[in-house]
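Architecture at a glance
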Amino acid sequence: MTKFRAAIVGLGFGAEFIPIYQQHPNAEMFAICQRNPEQLKKVGDAFGIERRYRDYQELLRDPDVDFVHINTPIPDHAEMSIAALKAGKHVACTVPMATSVADCKRIVELCQETGLKYMMMETVVFSREFLFVKQMLQKGELGKLQFLQASHQQDMDGWPGYWPGLPPMYYATHCVGPMLGLPQKDAEYVSCFGSGTIREEMIGIYNSPFAVETAHIKLRDSDLSARIIRSLFDTARQYRESIDVYGSKQAFEWPLIEGEHAVVHTAKRPEHEIPQRVEVPDFAHLLPEPIRAFTTQGVYDMAANEHLSFTQGGGHGGSHPHLVHEFLSALKEDREPWPNAKQSANWTCVGILAHESAMAGGERRDLPDWTFSE
Ligand SMILES: NC(=O)c1ccc[n+]([C@@H]2O[C@H](COP(=O)([O-])OP(=O)(O)OC[C@H]3O[C@@H](n4cnc5c(N)ncnc54)[C@H](O)[C@@H]3O)[C@@H](O)[C@H]2O)c1
């Protein structure tokens, strides 16, 4: 059995993946890394991991590590991914890939130069709702795809570090990923409007005034466009990561309130029979048996920032074991993971360029052609 040695960097959200790698038949949960020694010890002892690093560069010099899974704060993702690829390690990295177009390009180039694999660990495209609507599309139930939209709204007041004042579209992959991932298309160009104003004290941090940013994405080689909505501050809305997909025969709509069932609309029925609530099934059967339970166990409590959760999955639509399995399968089969570096760059650059567009009054921004798959 081929086993790849995993090193997880950043042990907040990152710690949730440890037991999944420990159970996956193609992984050896080998090393952990974070700067705080108490947390490093706590996590290492709890999960029985001997190889521990406080210094990321030292970890990269360890010849026994095959890949890093990066879960550090957003501003560090690109630099850490670039350093890992230069050190000869495959990279799985939480979202977003980077905060600049130039850094996305560097990662794509390094993957091309080295042949190493890069995957952005976008949770929404492995959530059970996404897998459900993908199945509807593949079975032909949706008919012809006509339009897609997604929202990601969260009140980040009080979050530390780089969060205060962050332009909403800098963290847009939860919306962009499913819009491009479902029809398997690249984004060609984007236009974004800013709306409303956040509190004065936050505006100057990134010179970003908007409470809400909404963008339209034109999909390349397609008649489709998609709309995405993001807000982070001073906008009343329950946490929401939603996907709506409209086809000629059927449509899928995310519930308005968390905990309610999604709605499937079917065309050409009496009006009151068009919408029907559906219970979205779990897709654990797609996974190796030892990690199936992780699609439904527990919820990561983001508000409490619970750092040592032994259960995971439920909080992000059961996506975590699917992400791990996709990345390890790509390593084992020596194929590109999904999303690979180019696709991750296309998804991430939509957000970066959307914010640029909003700051320029909605001007169209074209995606760079090195982000296109073909
Ligand atoms: N649905 C999702 O995809 C999802 C959900 C939650 C978090 N995230 C992402 O995961 C990342 C981490 O989120 P979090 O809430 O755990 O943040 P956090 O700030 O609680 O944890 C960050 C971790 O990184 C470590 N770290 C920071 N700099 C380091 C360095 N130079 N070397 C080694 N370790 C370092 C810290 O010690 C800490 O363990 C963020 O980028 C966040 O956006 C994604």
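What you see is a predicted model, and the numbers here were worked out from it, not measured in a lab.

1. Quick look at the overall build of the protein chain
- Within the protein chain, the secondary structure is distributed over 10 helices and 15 strands.
- For the protein chain, whose C-alpha radius of gyration is 20 Å, the value lies close to the compact-globule estimate of 21 Å for 374 residues.
- Dimensions of the protein chain, computed from the C-alpha atoms along their principal axes, are close to 60 × 50 × 40 Å.
- Per-residue burial for the protein chain yields a buried fraction of 57% across its 374 residues.
- Within the protein chain, the 49 negative side-chain charges are centred at a point lying 4 Å from the centre of the 36 positive side-chain charges.

2. Details of the site of the ligand
- Near the ligand there are 24 residues, and of these Leu11, Phe13, Gln34, Thr72 and His77 occur at the shortest range.
- Between glutamine 34 and the ligand, the recorded distance is 2.3 Å, taken from a side-chain N or O atom to an oxygen atom.
- Within the backbone of threonine 72, a nitrogen or oxygen atom sits 2.9 Å from an oxygen atom of the ligand.
- When the ligand is considered free in solution it has 850 Å² of accessible area, and contact with the protein chains removes 86% of it.
- Residues belonging to the shell around the ligand are distributed by class as follows: 10 nonpolar, 12 polar and two charged.

3. Details of the sheet that holds strand β4 (residues 67-70)
- Read from one edge of the open sheet, six strands run β3-β2-β1-β4-β5-β6, paired in parallel fashion. This sheet does not close on itself; its edge strands, each paired only once, are β3 (51-53) and β6 (118-120). Each adjacent strand pair in this sheet contributes to an overall mean axis angle of 20°, direction not counted.
- Where helix α9 (residues 320-333) meets the sheet, it contacts β1 (4-9), β2 (27-33), β4, β5 (90-93) and β6, and its direction lies at approximately 165° from that of β5.

4. Some details on the pattern of salt bridges
- By the definition in use, this model includes 22 salt bridges.
- Arginine 335 is the partner of glutamate 326 in a salt bridge, and the nearest nitrogen-oxygen pair spans 2.9 Å.
- We classify glutamate 326 as buried; its relative accessible area is 13%.
- A cluster of three or more residues bridged by salt bridges with shared partners is formed by Arg5, Glu28, Arg51, Asp62 and Asp64.

5. Some points on the packing of aromatic side chains
- If you walk through the whole model with that rule in mind, you get 12 aromatic pairs.
- Taking the centre distance of 5.1 Å and the plane angle of 70° together, the rings of phenylalanine 67 and phenylalanine 327 count as edge-to-face. In this pair, phenylalanine 67 is assigned in strand β4 and phenylalanine 327 in helix α9, connecting sequence segments 260 residues apart. In this structure, phenylalanine 67 and phenylalanine 327 share a single accessibility class: buried.
- An aromatic cluster is present here, built from Phe126, Phe130, Trp338 and Trp347 joined pairwise through their rings.
- Here the basic side chain of arginine 5 rests over the ring of phenylalanine 30, its NZ or CZ set 5.0 Å away from the ring centre.
- Stacked on the ring of tryptophan 338, the Lys or Arg lysine 134 has its end atom at 6.0 Å from the ring centre.

6. A short note on helix α5 (residues 101-114)
- With 14 residues, α5 should reach 20 Å at 1.5 Å per residue; the first-to-last C-alpha distance of 20 Å fits that figure.
- Among the residues making up α5, those that are buried are Cys104, Ile107, Val108, Leu110 and Cys111. Looking down the long axis of α5, one finds its buried residues gathered within 160° of arc, a one-sided arrangement. Facing away from the buried side of α5 by over 90 degrees, the exposed positions are Ala102, Gln112 and Glu113.

7. A closer look at the confidence of the model for the protein chain
- Counting all residues, the mean pLDDT for the protein chain is 94, and 95% of those residues have values of 70 or more.
- When the criterion is pLDDT under 50, residues 298-305 qualifies, and its contacts beyond four places in sequence or with other chains add up to 20 contacts.
- Within the model, the stretch residues 307-313 combines pLDDT values under 50 with 33 contacts to residues more than four positions away or in other chains.

8. With respect to the side chain of histidine 322
- Tracing the backbone through its elements, the reader meets histidine 322 in helix α9.
- Excluding residues within four positions of it along the chain, histidine 322 makes contact with Phe126, Leu131, Phe283, Leu286, Leu287 and Thr295.

9. Focus: the side chain of arginine 230
- Take arginine 230: it is sitting in strand β10 (residues 225-231).
- Among the polar contacts made by the side chain of arginine 230, one reaches the main-chain carbonyl oxygen of proline 168 at a distance of 3.1 Å.
- Within the structure, arginine 230 has its side chain in polar contact with the backbone oxygen of tyrosine 171 (distance 2.7 Å).
- Setting aside its immediate chain neighbours within four residues, arginine 230 contacts His152, Gln153, Pro168, Met169, Tyr171, Ala172, Cys175, Ala211, Val212 and Glu213.

10. Concerning the packing of helix α4 (residues 77-86) against α5
- Between α4 and α5, the shortest axis-to-axis distance is 10 Å and the interhelical angle comes to 15°. By the angle between their directions, the pair α4 and α5 is classed as roughly parallel. Relative to α5, α4 is oriented so that their crossing is left-handed. Within the contact between the two elements, α4 uses Ala78, Ser81, Ile82, Leu85 and Lys86 and α5 uses Asp103, Arg106, Ile107, Leu110, Cys111 and Thr114.
- Class assignment for the residues of the contact of α4 with α5 results in six nonpolar, two polar and three charged.

Scoring rules and cut-offs
Along each chain, residue indices are assigned from 1 in the same order as the chain's sequence is written. Whole-chain, interface and lining totals are the exception, using all residues; otherwise, since this is a predicted model, local features are given only for residues with pLDDT of at least 70 and side-chain atom pairs are given and counted only at 80 or more. Note that water and hydrogens are dropped before the side-chain values are worked out from all heavy atoms of the structure. Counting from the N terminus, the helices are the DSSP runs of H or I reaching at least four residues and the strands are the DSSP runs of E reaching at least two. Here the radius of gyration uses the C-alpha set of atoms, whereas the globule reference equals 2.2 Å times the residue count to the power 0.38. Exposure categories follow from relative accessible area, calculated using a 1.4 Å probe and restricted to protein chains: below 20% of the type maximum is buried, above 50% is exposed, and the middle band is partly exposed. Note that His is not counted, nor are the chain ends; the positive residues are Lys and Arg, and the negative ones are Asp and Glu. To locate a charge, take NZ of a lysine, CZ of an arginine, CG of an aspartate or CD of a glutamate. It suffices for a single heavy atom of a residue to lie within 4 Å of a molecule or strand for the residue to be listed as near it. Polar contacts here mean pairs of N or O atoms no more than 3.5 Å apart (in protein, one a potential hydrogen donor and the other a potential acceptor; neighbouring residues in sequence count only if both atoms are side-chain atoms). Under the convention used here, a 1.4 Å probe and the Shrake-Rupley method define accessible areas, while residue burial counts only the protein chains that appear. Residue classes follow a fixed rule: Ala, Val, Leu, Ile, Met, Phe, Trp, Tyr, Cys and Pro count as nonpolar, while Asp, Glu, Lys and Arg count as charged, and any other residue, Gly among them, counts as polar. Each pair of strands is called paired provided DSSP finds at least two bridges between the two strands. To get an axis, fit a line to the C-alpha atoms, keeping to the stretch in contact for a helix; angles then go from 0 to 180 degrees between the N-to-C directions. In this description, contact between two residues means that some pair of their heavy atoms is separated by no more than 4.5 Å. One side-chain nitrogen of Lys or Arg within 4 Å of one carboxyl oxygen of Asp or Glu is enough to make a salt bridge. Aromatic contacts are taken between Phe, Tyr and Trp rings whose centres are within 6.5 Å, Trp giving its six-membered ring; a plane angle under 30 degrees counts as stacked, one over 60 as edge-to-face, and the others as tilted. A ring is scored as having a charge over it whenever the NZ atom of a lysine or the CZ atom of an arginine sits within 6 Å of its centre and within 35 degrees of its normal. In a helix, the anticipated span is given by 1.5 Å times the number of residues less one. Directions are taken from the helix axis to each C-beta atom, and the arc is the one they span. Predictor confidence is given residue by residue as pLDDT, running from a minimum of 0 to a maximum of 100. Here is the rule for angles: anything less than 35 degrees is roughly parallel, anything more than 145 is roughly antiparallel, 65 through 115 is roughly perpendicular, and the remaining ranges are oblique. The hand of a helix crossing depends on one turn: near helix anticlockwise from the far one by less than a right angle means left-handed, and clockwise means right-handed.

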